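One-letter residues, chain by chain:
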Amino acid sequence: MIAIASDHAGYQLKSGLIEYFKAKKLAYRDLGTNSLDSVDYPDFGFKLGKEVSSGNYEFGIAICGTGIGISISANKVKGIRAALIYDENTAKLAKEHNNANIIAFGGRTTKLEDAIRYFEVFKNTEYQLRHQKRIDKITLFEEKKCQH
Ligand code: RB5
C-alpha cells in the first residue's frame, strides 16, 4: 500500500499518479488535498509522515510545488526519511543508499510521465544494507541517543 498526499500545487500530479495506480491496480491511500484550493503543505507533510511512520505502508509520496516544503515537513516526523526525487538516479539512490520511506516530487517541476518513471525506479530498487550504519546514526540522533 502506498500513501500519497499533496498541497494544491501538487494536486494535479497527485491525481495523475492516482490514475496510474488505478490502471496498474496498485493499492494506495489518498491523504488529500482534494482540490486546487490553496492549503498549507506542512499540514499534508505531517499527515503523510505520521501515516508512513506507522509502518503500514510500503512508502509514501509527497507532492507540493517543488517537493521541497512538503519533504521538509514530513522529515520532522520521527522515523521519516523523505527524499526529493528529480531524476532516475536520485530515485535509485534514495532507495539504495538512504532507504527513503517517502519520495517527494514537485508538481510544478516534474511532468507526470517522469514522476511515474521515478516512482517505478524507486519501487523496484533494493536497499543496500551496507549503508545501514549511516541510517542508524540518523535514528540515534533523532532519538537523542547520541551527541553531535
Ligand atoms: C505553494 O505555493 C508552494 O509554496 C508549495 O507548494 C511548495 O512549493 C513549497 O515548498
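Residues numbered from 1 in each chain as written. Predicted model: local features only at pLDDT ≥ 70, side-chain atom pairs only at ≥ 80, totals over all residues. Heavy atoms only, no water.

## Remarks on the site of the ligand
So, point 1. Close to the ligand lie Asp7, His8, Ala9, Tyr41, Cys64, Gly65, Thr66, Gly69 and Arg108, which account for all nearby residues.
So, point 2. Measuring from an oxygen atom of the ligand, one finds a backbone N or O atom of Thr66 at 3.1 Å.
So, point 3. Contact distances for the ligand include 2.9 Å between an oxygen atom and a backbone N or O atom of Gly69.
So, point 4. Protein coverage of the free-state accessible area of the ligand, which is 290 Å², stands at 70%.
So, point 5. Residues that form the shell around the ligand fall into these classes: 3 nonpolar, 4 polar and 2 charged. (Near = heavy atom within 4 Å. Polar contact = N/O pair within 3.5 Å; in protein donor to acceptor, adjacent residues only side chain to side chain. Areas by Shrake-Rupley, 256 points an atom, 1.4 Å probe, with all protein chains shown as cover. Nonpolar A, V, L, I, M, F, W, Y, C, P; charged D, E, K, R; others polar.)

## A look at the environment of Ile80
So, point 1. As for its placement among the helices and strands, Ile80 is situated in the loop between α3 (68–74) and β4 (82–84).
So, point 2. Among the residues examined, Ile80 registers a relative accessible area of 5% and is labelled buried.
So, point 3. Sequence separation between Ile80 and Thr139 is 59 residues, and the spatial gap between their C-alpha atoms is 9.5 Å.
So, point 4. In this structure, Ile80 is in contact with Gly49, Val52, Ser53, Ala74, Asn75, Asn101, Ile102 and Glu142, ignoring residues within four places of it in sequence. (Helix = DSSP H or I, 4+ residues; strand = E, 2+ residues; numbered from the N terminus. Buried < 20%, exposed > 50% of the residue type's maximum accessible area, 1.4 Å probe, protein only. Contact = heavy atoms within 4.5 Å.)

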